[in-house]
Amino acid sequence: MNTIWARSLVSLVLLSVLCAVVGVLIGVKAALILAIVVLLAQGIFSTFHKQQLWRLLDAPVYGEVPSAPGIWGEIYYRLHKLAKRWHAQVRQVEQQHSRFIQAIQASPNGVAMLDDHDQIEWCNAISELHFGLDAKRDLRQHITHLVRRPDFVRYLNTRQYEEMLIMRGMGERRQHVLSVQVFPYGDNRKLLLSQDITELERTDSMRRDFVANVSHELKTPLTVLAGFLETMRELPLNDAERARYLELMEQQASRMQHIVRDLLVLATLEGDSKPPSEQMVDMRAVLRHLKDDAETLSAGRHRISFDVDEGLTVTGVETEILSALGNLVTNAIRYTPDGGSIHVNWNTHGAQATFSVIDSGLGIPAADIPRLTERFYRVDRSRSRDTGGTGLGLAIVKHVLQRHDAQLEVKSEEGRGSTFTARFPALRTARRQPAPV
Ligand code: ADP
């Protein structure tokens, strides 16, 4: 600023000196006229430049380059280029920022950013769900005013975040389990990450239950076997007693074998890829097998009838289909007292193919029906054991049917009988050419 004033003063002094010299040379009048002309020219000159400056200030930063003569044209051009570059950079940063926000929003985990006073700076939608927050309303709110659980407040205040905090009873219905961990960053800021581990906890507890059940199921026959062995070693037995004990030991060993066999079947089913949808099952052979097995197992104690559409078949793995449908038929025989009836139906219902086993047996209480396909679930433990059951049959049926896109439906009335139906969808059903006559 000082330089501008100094320059203006110098030019004024120089102009005065020039006027004085010109006045001496060409007379005062002429010199005055010259001075007025020079001042006018300077006025026009500075007005022009001021105008250009205002145009520059008023011009839209990202619009067209304003046209101007001489140096102003160049200034406009260069400034415009600079502004365009900045604009592009700002847009790039904005896009990166929005992509970053989108990525965090897409995360299946909750992410909340807390400032150095543990106030919420930002949180994603999952974090809102996990902690019952509202990203807009709760901005700048202290997190412990909103998540008031003592375990969470304690965890946040201890400032030891190596371990994660498990919070049960979270979410809208208080049924969720969260694993929560804080990661400090920047100037005393915190990243609060949360993960819904409800499903993980459920499968973990199912796994524990399963191991406990398997151990229990194997422990019982093993204990009985060990008892018999001890008796045989310690007591003097006659031939008949020895034969009886051996028979009982054989029964227990076979029970264990059945359990292990069914467990292996389940493990294989879980690990196998989906059955092919183009491979047709020889349903005629399967149905023949089922009929033979049913008659052998029943040994004339029941009335057994089959009503089947022989041309109808499904696609998938024949051995699996045979084992699943076979389980339904043998269950009907095992849980139907002597003299009862068992009817098997294999037909189409609309676009579906249905396999039904209708028995007039013991029936199942309504409360037990939803749990029948759980591993080792039995309605009547002693009957299941007496008839050589493992409690895994219907679990296998459910798995096989699921793998074949089919569903199991159970209808039953206590004391009147049950109907087990396997429904195969249209995409799994097929028709075989009739056998040549
Ligand atoms: P299990 O080896 O004990 O038969 P399943 O998984 O095949 O095991 O069946 C589970 C339980 O469902 C059985 O213990 C039995 O109580 C009941 N159940 C299965 N089928 C029938 C049926 N047709 N009638 C009555 N109860 C049945």
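Computed from a predicted model, the values in this text were never measured in an experiment.

**Overview of the site of the ligand**
Alright, step 1. Around the ligand sit 20 residues, and of these Tyr335, Ser384, Thr390, Gly391 and Leu394 come closest.
Alright, step 2. Within the side chain of asparagine 331, a nitrogen or oxygen atom sits 2.9 Å from an oxygen atom of the ligand.
Alright, step 3. Within the complex, 97% of the 530 Å² of free accessible area of the ligand lies under protein.
Alright, step 4. Where the shell around the ligand is concerned, the elements lending two or more residues are helix H10 (318–334), helix H12 (393–403) and strand E11 (417–424).
Alright, step 5. Considering only residue class, the shell around the ligand consists of nine nonpolar, seven polar and four charged.

**Digging into the sheet that holds strand E9 (residues 352–359)**
Sheet strands line up and pair through hydrogen bonds in the backbone, either parallel or antiparallel.
Alright, step 1. Here five strands make up an open sheet; going across it, the order is E6-E8-E9-E11-E10 and the pairing mixed. Every interior strand has two partners, whereas the edge strands, strand E6 (303–308) and strand E10 (407–413), have only one. Taken over all neighbouring pairs, the strand axes of this sheet differ in orientation by 10° on average, direction set aside.
Alright, step 2. Pairing between strand E8 (residues 341–349) and E9: eight bridges, direction antiparallel. Looking at E9, one finds that asparagine 345 is bridged to serine 356.
Alright, step 3. Running over the sheet, helix H9 (residues 283–298) touches E6, E8 and E9 and is turned about 175° from E6.

**A closer look at unusual backbone geometry**
Alright, step 1. In this structure, asparagine 188 takes a positive phi of about 60° despite not being glycine.
Alright, step 2. Relative to the helices and strands, asparagine 188 is located in the loop between strand E4 (176–185) and strand E5 (189–196).
Alright, step 3. Backbone geometry at alanine 299 places phi at a positive 50°, although glycine is not the residue there.
Alright, step 4. Its location among the elements puts alanine 299 in the loop between H9 and E6.

**A closer look at the nonpolar core**
Alright, step 1. Ranked by internal contacts, the top residues of the largest apolar core, which has 43 residues, are Met283, Trp346, Phe355, Val357 and Phe424.
Alright, step 2. For this core, the elements supplying multiple residues, two or more each, are helix H8 (239–271), H9, strand E7 (312–314), H10, E8, E9, H12 and E11.
Alright, step 3. Tallying contributions element by element places H10 first for this core, with seven residues.
Alright, step 4. Beyond its immediate chain neighbours, meaning those up to four positions away, methionine 283 contacts Leu312, Thr313, Ile321, Leu325 and Trp346.
Alright, step 5. If you look at the next biggest cluster of nonpolar residues, it comprises 19 residues, including Ala112, Phe152, Leu178 and Val182.

**Quick word on the domain arrangement of the chain**
Alright, step 1. What the domain assignment lists for the chain is domain 1 (2–99), domain 2 (107–196), domain 3 (205–270) and domain 4 (275–431).
Alright, step 2. On a C-alpha basis, the centres of domain 2 and domain 4 stand 50 Å from each other.

**Description of the UniProt feature "domain: Histidine kinase" (unreviewed entry) in the chain**
Alright, step 1. Within the UniProt annotation, "domain: Histidine kinase" (unreviewed entry) is assigned to residues 213–428.
Alright, step 2. Structurally, residues 213–428 comprises 49% helix and 19% strand, and the distance from its first C-alpha atom to its last is 34 Å.

**Describing the packing of aromatic side chains**
Alright, step 1. Tallied over the full model, the rule gives seven aromatic pairs.
Alright, step 2. Residues tryptophan 346 and phenylalanine 424 carry aromatic rings whose centres are separated by 6.1 Å and whose planes lie at 90° to one another, so their mutual orientation is edge-to-face. Placement of tryptophan 346 in strand E8 and of phenylalanine 424 in strand E11 is noted, with a sequence separation of 78 residues between them. Each member of the pair tryptophan 346 and phenylalanine 424 is classed as buried.

**Structural notes on helix H7 (residues 198–234)**
Alright, step 1. Here H7 contains 37 residues, and its C-alpha end-to-end distance of 53 Å stays within 8% of the 54 Å for a straight helix at 1.5 Å per residue.
Alright, step 2. Residue lysine 219 marks the point of greatest curvature in H7, where the axis turns by about 25°; the proline proline 221 follows within four residues.
Alright, step 3. Along H7, the residues that are buried comprise Val214, Glu217, Pro221, Leu225, Phe228 and Met232.
Alright, step 4. Those residues of H7 that are buried lie in contact with H8 and helix H11 (381–386).

**Observations regarding the sheet that holds strand E2 (residues 120–123)**
Alright, step 1. If you trace the five strands from one edge of the open sheet to the other, you get E2-E1-E5-E4-E3, paired in antiparallel fashion. Either end of the sheet is taken by a strand with one partner, and the two such strands are E2 and strand E3 (165–170). Between one strand and the next, the sheet's axes are offset by a mean angle of 25°, whatever the strand orientation.
Alright, step 2. In this structure, E3 lies alongside E4, joined through four bridges in antiparallel fashion. Looking across to E4, one finds that isoleucine 166 is bridged to serine 179.

**Description of the pattern of salt bridges**
Oppositely charged side chains may form a pair once their charged atoms are brought near each other.
Alright, step 1. Per the counting criterion, the structure on display carries 25 salt bridges.
Alright, step 2. One salt bridge in this structure joins arginine 189 and glutamate 121, with 2.9 Å as the shortest N-O distance. With arginine 189 in strand E5 and glutamate 121 in strand E2, this pair connects stretches of sequence that are 68 residues apart.
Alright, step 3. For arginine 189, a relative accessible area of 24% puts it in the partly exposed group.
Alright, step 4. When its relative accessible area of 22% is taken as the criterion, glutamate 121 is described as partly exposed.
Alright, step 5. Between lysine 411 and glutamate 409 there is a salt bridge whose closest N-O contact spans 3.7 Å.

**Some remarks on the packing of H7 against H8**
Alright, step 1. Closest axis-to-axis distance for the H7/H8 pair is 10 Å, and the angle between their directions is 160°. Relative to H8, the element H7 lies roughly antiparallel. Here H7 runs over H8; the crossing is left-handed. For the pair formed by H7 and H8, the contact residues are Phe210, Val214, Glu217, Leu218, Pro221, Leu222, Val224, Leu225, Phe228, Leu229, Thr231 and Met232 on the first element and Arg242, Tyr245, Leu246, Leu248, Met249, Gln252, Ala253, Arg255, Met256, Ile259, Val260 and Leu263 on the second.
Alright, step 2. Classifying every residue of the contact of H7 with H8 gives 19 nonpolar, two polar and three charged.

Cut-offs and rules
Throughout, a residue's number is its position along its own chain's written sequence, starting from 1. Reporting of local features is limited, given that this is a predicted model, to residues whose pLDDT is at least 70; pairs of side-chain atoms are given and counted only at 80 or more, and all residues count toward the totals for whole chains, interfaces and linings. Just so you know, side-chain values use all the structure's heavy atoms and leave hydrogens and water out. We call a residue near a molecule or strand whenever a single non-hydrogen atom of that residue lies within 4 Å of it. Contacts described as polar in this section are N or O atom pairs within 3.5 Å, which, within protein, must combine one atom able to donate a hydrogen with one able to accept it, while residues neighboring in sequence count only if both atoms come from side chains. Only the protein chains shown count as cover for residues, and all accessible areas are computed by the Shrake-Rupley method using a 1.4 Å probe. Secondary structure elements follow DSSP: runs of H or I of four or more residues count as helices, runs of E of two or more count as strands, with numbering from the N terminus. For this scheme, ten residues count as nonpolar: Ala, Val, Leu, Ile, Met, Phe, Trp, Tyr, Cys and Pro. Four count as charged, namely Asp, Glu, Lys and Arg, and the remainder, Gly too, count as polar. A strand pair is defined by DSSP finding two or more bridges across the two strands. Between N-to-C directions, angles span 0 to 180 degrees; the directions come from axes that are lines fitted to C-alpha atoms, helices contributing only their stretch in contact. In what follows, a contact means two residues having at least one pair of non-hydrogen atoms within 4.5 Å. What makes a nonpolar core is a set of buried Ala, Val, Leu, Ile, Met, Phe, Trp, Tyr and Cys residues whose side-chain atoms join them at distances within 4.5 Å. Each residue is assigned to one of three classes by its accessible area relative to the maximum for its type, calculated with a 1.4 Å probe on protein chains only: buried under 20%, partly exposed between the two thresholds, exposed over 50%. Where each domain starts and ends follows an automatic or database-derived domain assignment. UniProt positions are given in the numbering used here, feature names are shortened, and annotations may be inferred rather than shown by experiment. Pairing of aromatic rings covers Phe, Tyr and Trp, the last through its six-membered ring, and needs centres within 6.5 Å; plane angles under 30 degrees mean stacked, over 60 mean edge-to-face, and all others mean tilted. The span you would expect from a helix comes to 1.5 Å times its residue count less one. Axes are fitted to the seven residues ending at a residue and to the seven starting at it; the angle between these axes is taken as the bend at that residue. For this analysis, a salt bridge means a side-chain nitrogen from Lys or Arg found within 4 Å of a carboxyl oxygen belonging to Asp or Glu. Here the word oblique covers every angle except those under 35 degrees (roughly parallel), over 145 (roughly antiparallel) and from 65 to 115 (roughly perpendicular). Note: crossing handedness is left-handed where the near helix turns anticlockwise from the far helix by less than a right angle, and right-handed where it turns clockwise.

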